[in-house]
Amino acid sequence: MTEEQKLNAKRATYEKTTHISIPSYDSLFSMIQSYFRFELGDIPVSMLVVGAGGGNEFSAWGPSNPNWTFTGVDPSEDMLKIAKLKIDELDLESRVSLIPGTIDDLPQQDSKFDVASCILVLHFIHDVQEKLKLLRSIKDNLKPGAPFVLVSAYGDLDDPELHDRINVWKSFWVAGYESPEAFDNVSSNITKISFLPEKQIEELLKESGFTRITRFYSTGIMAGWMCHAE
Ligand SMILES: C[S@@+](CC[C@H](N)C(=O)[O-])C[C@H]1O[C@@H](n2cnc3c(N)ncnc32)[C@H](O)[C@@H]1O
């Protein structure tokens, strides 16, 4: 397989697994777009995308919002390559900057962002203080009042409620995946991601300097919160 074929295969797997894992994944992006448009109006907007690998934020929001410019950070070289493919295909190069690394690698800039998203990233960070540090850093990079959307796995692993939701989530996989081995692999890894109860996620958002925190979305093991930088 050539490098290009390998990358296309990774891209296809990523697209398939996110759509199986979160059946309302495309609707999630439409909902966030509506919210940002409603909050920001039709003005030029600078957006910080934390966890920009895969490029779905750019393909979902780039073509339909010609006034928006994006700065995306992600530590995964492979995921950034997939993002770059989409950016090139959609002619978004002039409106997207990709930064390999974490939010700590953002270059110093004079003006803060109008809006930010952090979708499906927080549950990959295991240390609660590190989660808090990331959220604080997002808040510090936003203008006062700027909207922010966080989407993450949530729940308490000691609570049967989460295990019921994990079973619902598994049912999406069983229905959507043709390979039992692939399913077993994903299934055994799911409890290794870092779940936090909803209350604790909302407290972290508050502690990081976000207000008007509203959960607007939930599918299986994931939920999404809208809020504003103080
Ligand atoms: C499941 S993907 C989600 C990507 C994209 N937001 C989406 O919804 O398609 C998770 C991404 O988070 C990235 N990631 C992990 N830790 C991160 C961190 N500390 N800062 C930024 N991105 C991170 C991973 O490299 C990966 O590309």
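- You'll find the protein chain entered in an unreviewed UniProt entry as Methylase, with Paenibacillus odorifer given as the organism.

Points about the side chain of Lys131
Step number 1: Relative to the assigned elements, Lys131 resides in helix H5 (residues 128-140).
Step number 2: The buried charged residue Lys131 lacks any salt bridge partner; its closest oppositely charged side chain belongs to Asp127, at an N-O distance of 8.9 Å.
Step number 3: Beyond its immediate stretch of four places on either side in the chain, Lys131 contacts Leu122, His123, Ile125, His126, Ser194, Leu196 and Leu204.

Notes on the packing of helix H1 (residues 3-21) against helix H4 (residues 77-89)
Step number 1: Where H1 contacts H4, the axes come no closer than 10 Å and their chain directions differ by 90°. By the angle between their axes, H1 is roughly perpendicular relative to H4. Contacts between H1 and H4 involve Leu7, Asn8, Lys10, Arg11, Tyr14 and Glu15 from the former and Asp78, Met79, Lys81, Ile82, Leu85, Lys86 and Glu89 from the latter.
Step number 2: Residues that form the contact of H1 with H4 fall into these classes: five nonpolar, one polar and seven charged.

Thoughts on the pairing of strand E2 (residues 68-74)
For a regular strand, the rule is simple: side chains alternate between the two faces of the sheet.
Step number 1: Extensive coverage of E2 is indicated by the burial of six of its seven residues.
Step number 2: This β-α-β element, strand E1 (residues 45-50) to helix H3 (residues 56-61) to E2, shows right-handed connectivity.
Step number 3: Here five bridges tie E2 to strand E3 (residues 96-100), and the two strands are oriented parallel to one another. The residue bridging Thr71 from the neighbouring strand is Ser97, located in E3.
Step number 4: Crossover E2 to E3 through H4 is right-handed.

Focus on unusual backbone geometry
Step number 1: Here Leu120, not a glycine, exhibits a phi torsion of approximately 60°, which is positive.
Step number 2: Following the sequence through the fold, Leu120 ends up in the loop between strand E4 (115-119) and H5.
Step number 3: Overall, Leu120 belongs to the buried group, its relative accessible area being 12%.
Step number 4: Non-glycine residue Arg212 carries a positive phi angle of around 50°.
Step number 5: The topology assignment puts Arg212 in strand E6 (residues 210-219).

Things to note about the site of the ligand
Step number 1: Close to the ligand lie 18 residues; Tyr14, Tyr25, Gly51, Glu57 and Asp74 are nearest.
Step number 2: In the environment of the ligand, an oxygen atom lies 2.6 Å from a nitrogen or oxygen atom belonging to the side chain of Tyr25.
Step number 3: Look at the ligand: alone it shows 600 Å² of surface, and the protein chains cover 86% of it.
Step number 4: Elements that contribute at least two residues to the shell around the ligand include exactly helix H2 (25-40) and H3.

Focus: the pattern of salt bridges
Step number 1: Across all of its chains, the model carries eleven salt bridges by this definition.
Step number 2: For Lys6, the salt bridge identified is with Glu3, shortest N-O distance 3.3 Å. Linking Lys6 with Glu3, this pair stays in helix H1, spanning three residues, or about one helical turn.
Step number 3: For Lys6, a relative accessible area of 38% puts it in the partly exposed group.

With respect to the nonpolar core
Step number 1: Judged by nonpolar contacts, the single largest core of 41 residues is most densely connected at Ile32, Phe36, Phe58 and Trp61.
Step number 2: Of the residues forming this core, the biggest block, seven residues, is contributed by H2.
Step number 3: When sequence neighbours within four positions are dropped, the list of residues in contact with Trp61 reads Phe29, Ile32, Gln33, Phe36, Met47, Trp68, Phe70, Ser117 and Ile119.
Step number 4: One finds Ile99, Leu106, Leu122 and Leu205 within the second-largest nonpolar core, a separate group that totals 29 residues.

Digging into the side chain of Ser187
Step number 1: Secondary-structure assignment places Ser187 in helix H7 (residues 180-189).
Step number 2: Sequence-distant contacts of Ser187, that is, excluding residues within four places in its chain, are made with Trp169 and Lys170.

Regarding the sheet that holds E6
Step number 1: Spatially, E3-E2-E1-E4-E5-E7-E6 is the arrangement adopted by the seven strands of the open sheet, whose pairing is mixed. The sheet is open, and its two borders are formed by E3 and E6, each paired with just one other strand. For this sheet the average axis-to-axis angle between neighbouring strands, irrespective of direction, equals 15°.
Step number 2: Two strands pair when backbone bridges link them, and E4 and strand E5 (residues 147-153) are joined in this way by four bridges, in the parallel orientation. For Ser117, the partnering residue across the bridge sits in E5 and is Val149.

Rules used in this analysis
Residues numbered from 1 in each chain as written. Predicted model: local features only at pLDDT ≥ 70, side-chain atom pairs only at ≥ 80, totals over all residues. Heavy atoms only, no water. Helix = DSSP H or I, 4+ residues; strand = E, 2+ residues; numbered from the N terminus. Buried < 20%, exposed > 50% of the residue type's maximum accessible area, 1.4 Å probe, protein only. Lys, Arg positive; Asp, Glu negative; His and termini not counted. Salt bridge = Lys/Arg side-chain N within 4 Å of Asp/Glu carboxyl O. Contact = heavy atoms within 4.5 Å. Axes fitted to C-alpha atoms, helices over the stretch in contact; angles between N-to-C directions. Parallel < 35°, antiparallel > 145°, perpendicular 65-115°, else oblique. Nonpolar A, V, L, I, M, F, W, Y, C, P; charged D, E, K, R; others polar. Right-handed = clockwise from strand over helix to strand, strands pointing away. Pairing = 2+ DSSP bridges. Near = heavy atom within 4 Å. Polar contact = N/O pair within 3.5 Å; in protein donor to acceptor, adjacent residues only side chain to side chain. Areas by Shrake-Rupley, 256 points an atom, 1.4 Å probe, with all protein chains shown as cover. Core = buried A, V, L, I, M, F, W, Y, C linked by side-chain atoms within 4.5 Å.

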